[in-house]
Amino acid sequence: MSDTMNMQTTIIEGTATERTLSVVAAEINVIKRQTAEIINRSVFEIGKRLCEAKALIGHGNWGAWLQENVDYSETTARSMMRIYQEMGGEQVDLITGEAPIDVFETLNMSQMVALFPLRPEERIEFVKENDVADKSVRQIEELVRKVKDADVVYLQSNPTILFPMLLLKLFTRLPILY
């Protein structure tokens, strides 16, 4: 159908405006994008508050608290907390002028979870290089798998690098004691 065949005159605040299907579609797409941005940003905020709640809840009460108060499974809560902790940083990089949250907020929660196998320091570059926001979770998982496979091939062909990397991995996984 052509837009001219489907025009409607609408009175908005005292002025007549022509409404076409393309105008309505454009408005819907803007609202859709804005809604997605709010939802994506909310994942970080919810993750932040879940971290706070977990710190306040006594040992062994986490699952019950989630069920009774926010209706999240432990897996969903854990994912949101990890997204906040690993991708929600607002500290601006002095070189790029970007904060991690600025890069990841364009992704939905499933897309962010698909990035978990990557090292945190790899994720921003990966998102930028692979236009992740426009990819399905399955496509992201395949790209991540290729990166991980390339890492294995590189390490196998450079065995002298393997031991220092294993030490680094061991020490970066240790909990921080205050």
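Quick look at the structure, then. Please read all numbers here as calculations on a predicted model, not as lab measurements. (Residues numbered from 1 in each chain as written. Predicted model: local features only at pLDDT ≥ 70, side-chain atom pairs only at ≥ 80, totals over all residues. Heavy atoms only, no water.)

## Brief notes about the overall build of the chain
Part 1 of the reasoning: Counting secondary structure elements, the chain contains eight helices and two strands.
Part 2 of the reasoning: Sequence-ordered secondary structure for the chain, helices as α and strands as β, is β-β-α-α-α-α-α-α-α-α.
Part 3 of the reasoning: Within the chain, the fraction of its 178 residues that count as buried is 21%.
Part 4 of the reasoning: Sequence separation of 24 or more characterises 49% of the internal contacts of the chain that already satisfy a separation of 6 or more.
Part 5 of the reasoning: For the chain, the computed accessible surface area is about 12900 Å², with 58% contributed by carbon and sulfur atoms. (Helix = DSSP H or I, 4+ residues; strand = E, 2+ residues; numbered from the N terminus. Buried < 20%, exposed > 50% of the residue type's maximum accessible area, 1.4 Å probe, protein only. Contact = heavy atoms within 4.5 Å. Areas by Shrake-Rupley, 256 points an atom, 1.4 Å probe, with all protein chains shown as cover.)

## Points about helix α6 (residues 120-130)
Part 1 of the reasoning: Taken together, the buried positions of α6 are Glu122, Arg123, Phe126, Val127 and Asn130. Within α6, the buried residues cover an arc of 130 degrees as seen down the axis, which keeps them to one side. Exposed side of α6, more than 90 degrees from the buried face: Glu121 and Glu129 are the residues found there.
Part 2 of the reasoning: A positive backbone phi angle near 45 degrees is found at Asp131, which sits one or two residues after α6. (Arc of directions from axis to C-beta.)

## Focus on the pattern of salt bridges
Part 1 of the reasoning: Going through the model one piece at a time under the given rule, you end up with nine salt bridges.
Part 2 of the reasoning: Across the pair Glu121 and Arg119 runs a salt bridge whose closest N-O atoms are separated by 3.1 Å.
Part 3 of the reasoning: Overall, Glu121 belongs to the exposed group, its relative accessible area being 58%.
Part 4 of the reasoning: Given a relative accessible area of 34%, Arg119 falls into the partly exposed group.
Part 5 of the reasoning: Ionic pairing is found between Arg145 and Glu142, a salt bridge with its closest N-O pair at 3.2 Å. Here the residue Arg145 and the residue Glu142 both occupy positions in helix α7 (residues 137-157), the gap between them amounting to three residues, near one helical turn.
Part 6 of the reasoning: The class of Arg145 is partly exposed, set by a relative accessible area of 43%.
Part 7 of the reasoning: Under the relative-accessibility criterion, Glu142 is labelled partly exposed at 36%. (Salt bridge = Lys/Arg side-chain N within 4 Å of Asp/Glu carboxyl O.)

## Regarding the packing of helix α2 (residues 62-70) against helix α3 (residues 74-87)
Part 1 of the reasoning: Running from N to C, α2 and α3 cross one another at 95 degrees; their axes reach a closest spacing of 10 Å. The angle between α2 and α3 falls in the class roughly perpendicular. Together, Trp62, Gly63 and Leu66 of α2 and Glu74, Ala77 and Met81 of α3 make up the contact between the two elements.
Part 2 of the reasoning: Tallied by class, the residues present in the contact of α2 with α3 amount to four nonpolar, one polar and one charged. (Axes fitted to C-alpha atoms, helices over the stretch in contact; angles between N-to-C directions. Parallel < 35°, antiparallel > 145°, perpendicular 65-115°, else oblique. Nonpolar A, V, L, I, M, F, W, Y, C, P; charged D, E, K, R; others polar.)

## Some points on the side chain of Asn40
Part 1 of the reasoning: With respect to the secondary-structure elements, Asn40 resides in helix α1 (residues 21-56).
Part 2 of the reasoning: Setting aside residues no more than four positions away along its own chain, Asn40 makes contact with Glu105, Thr106, Leu107, Asn108 and Met112.

## Considering the packing of α1 against α3
Part 1 of the reasoning: As a packed pair, α1 and α3 sit with axes 7 Å apart at the nearest point and diverge in direction by 105 degrees. Taken as axis vectors, α1 and α3 run roughly perpendicular relative to one another. Together, Val43, Phe44, Ile46, Gly47, Lys48, Leu50, Cys51 and Lys54 of α1 and Ala77, Met80, Met81, Ile83, Tyr84, Gln85 and Met87 of α3 make up the contact between the two elements.
Part 2 of the reasoning: When grouped by side-chain class, the residues that make up the contact of α1 with α3 number eleven nonpolar, two polar and two charged.

## Let's talk about the nonpolar core
Part 1 of the reasoning: In terms of nonpolar packing, the biggest core is built from 29 residues, with Trp62, Phe104, Met112, Leu115 and Phe126 touching the most fellow members.
Part 2 of the reasoning: Put simply, the parts of the chain that give this core at least two residues each are α1, α2, α3, α4 (100-104), α5 (109-114), α6 and α7. (Core = buried A, V, L, I, M, F, W, Y, C linked by side-chain atoms within 4.5 Å.)

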